[in-house]
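Geometric and topological summary
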Amino acid sequence: MRKKLTIVANWKMNLDLDQAKTLAKVIGTEAKHSPHTVGIAPSFPFLLPVSENLQGSGVLLSSQNVASTENGAYTGEVSASQLKDLGVQTVLVGHSERREYFQESDAIVQQKIKIALDHGLGVILCVGESLELRERGDEESFVLGQIKAALDPVSAEQLPSICIAYEPIWAIGTGKTASAAEAERMHVAIRECIATLYTKTLAEDLSIIYGGSVKSGNASELFTQPNIDGALVGGSSLKMEEFTAILKGKV
Ligand code: PEP
């Protein structure tokens, strides 16, 4: 069931408006011919214009972040209900850049997940270890700890609204990719953890995607791993030809 891939473009704080609209149009056209679930996460101000250029394409509109509170005096924040109003379907939560540069703790990640789910948004939960943790051999316990903390308030009924993105920090934007075997090993561990926390069936149906310097040259090998269900793509998603080649990656 889960072998339909989920491939999400994380544009981060890149592109101007014209570039974003043009790229969205191309991705939308490509997605219509793709058997996979395709998503785009533009910057907040571009959500609406990008969504206009995605009309009828089936591409999931994603935001890169969501506030951990409902509404009120939180200057600079964007709430889950405001995102829903714009037609956002899914949100990235716990990206390592947010954890590192904006001090997002596991507790904040947990609140964001809860609020997103309460508003009917899907969640792409990002987890991943630093190079230091990997070199110490602690990567698995760290990643599973992040998952257990983040999913604490998530019921079995809500789990199908979650997708987990395993993104080793040392592979993000560095050009270094985890080998397909390394990534697969972690995805297996994550799926086993979900089976323990929930049920084997829910674990089998969960999409676990990989992120970290995915490009056209390594996507196919990653996608042939039985437990890698797609990719969260940063740098390569800004390049039209690269991203469309990734979308065509064989399973
Ligand atoms: C990301 O930031 O989610 C990411 C995977 O970036 P990159 O593909 O550039 O490593």
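Description of the structure in this document.

**A look at the packing of helix α5 (residues 106–118) against helix α7 (residues 139–151)**
Relative placement of two packed helices is described by the angle separating their axes and the distance separating the axes. In contact at an axis separation of 8 Å, α5 and α7 are set at 45° when each is read in the N-to-C sense. When the interaxial angle is binned, α5 and α7 end up oblique. Where α5 crosses over α7, the handedness of that crossing is right-handed. Contacts between α5 and α7 involve Asp106, Val109, Gln110 and Ile113 from the former and Gln146, Ala149 and Ala150 from the latter. The residue inventory of the contact of α5 with α7, partitioned by class, reads four nonpolar, two polar and one charged.

**Concerning the packing of aromatic side chains**
Tallied over the full model, the rule gives one aromatic pair. Over the face of the ring belonging to phenylalanine 102 we find arginine 98, whose NZ or CZ atom lies 4.1 Å from the ring centre.

**Overview of helix α8 (residues 180–197)**
Compared with the 26 Å implied by 1.5 Å per residue over 18 residues, the 26 Å span of α8 between its first and last C-alpha is a close match. By the burial criterion, the buried members of α8 are Ala180, Ala183, Glu184, Met186, His187, Ala189, Ile190, Arg191, Cys193 and Ile194. Elements in contact with the buried residues of α8: α6 (131–135), α7, β6 (162–166), α9 (200–205), β7 (207–211) and α10 (216–223).

**With respect to the site of the ligand**
The full set close to the ligand counts 14 residues, and Lys12, His95, Glu167, Gly173 and Ser213 are the nearest of them. A distance of 2.7 Å is found between an oxygen atom of the ligand and a backbone nitrogen or oxygen belonging to glycine 173. Within the contact set of the ligand, an oxygen atom lies 2.7 Å away from a backbone nitrogen or oxygen of serine 213. When its residues are assigned to classes, the shell around the ligand shows four nonpolar, eight polar and two charged.

**Side note on α7**
Taking 1.5 Å per residue as the helical rise, α7 with its 13 residues ought to reach 18 Å, and the 18 Å between its terminal C-alpha atoms agrees with that figure. Those residues of α7 that sit buried are Glu139, Val143, Leu144, Gln146, Ile147, Ala150 and Leu151. Around the axis of α7, the buried residues are gathered within 150° of arc, so they sit on the same side. Where α7 is buried, its residues meet α4 (96–101), α5, β5 (122–127), α6, β6 and α8.

**Quick look at the sheet that holds β7**
Strand order in this closed barrel of eight strands is β1-β2-β3-β4-β5-β6-β7-β8, and the pairing throughout is parallel. Pairwise comparison of adjacent strand axes, ignoring direction, gives a mean angle of 25° for this sheet. Inspection of the sheet shows strand β2 (residues 37–41) paired to strand β3 (residues 60–63) by two bridges, in the parallel sense. Looking across to β3, one finds that isoleucine 40 is bridged to leucine 61. Helix α11 (residues 240–247) rests against β1 (6–10), β2 and β8 (230–233) of the sheet, and its axis sits at about 165° to β1.

**Observations concerning the pattern of salt bridges**
Applying the stated rule across the entire model yields twelve salt bridges. In this structure, lysine 248 and glutamate 30 form a salt bridge, with 3.4 Å as the shortest nitrogen-oxygen distance. Here lysine 248, found in the segment after α11, pairs with glutamate 30, found in helix α1 (residues 17–32); they are 218 residues apart in sequence, far enough to count as distant. Aspartate 138 serves as the salt-bridge partner of arginine 136, at 3.0 Å between the closest nitrogen and oxygen. Within this structure, Glu129, Arg134, Glu139 and Glu182 form a network of salt bridges that share partners.

Reading the values: rules and limits
- Residues numbered from 1 in each chain as written.
- Predicted model: local features only at pLDDT ≥ 70, side-chain atom pairs only at ≥ 80, totals over all residues.
- Heavy atoms only, no water.
- Axes fitted to C-alpha atoms, helices over the stretch in contact; angles between N-to-C directions.
- Helix = DSSP H or I, 4+ residues; strand = E, 2+ residues; numbered from the N terminus.
- Parallel < 35°, antiparallel > 145°, perpendicular 65-115°, else oblique.
- Left-handed = near helix turned anticlockwise from the far one by under 90°.
- Contact = heavy atoms within 4.5 Å.
- Nonpolar A, V, L, I, M, F, W, Y, C, P; charged D, E, K, R; others polar.
- Phe/Tyr/Trp six-rings, centres within 6.5 Å; stacked < 30°, edge-to-face > 60°.
- Lys NZ or Arg CZ within 6 Å of the ring centre and 35° of its normal.
- Expected span 1.5 Å × (residues − 1).
- Buried < 20%, exposed > 50% of the residue type's maximum accessible area, 1.4 Å probe, protein only.
- Near = heavy atom within 4 Å.
- Polar contact = N/O pair within 3.5 Å; in protein donor to acceptor, adjacent residues only side chain to side chain.
- Arc of directions from axis to C-beta.
- Pairing = 2+ DSSP bridges.
- Salt bridge = Lys/Arg side-chain N within 4 Å of Asp/Glu carboxyl O.

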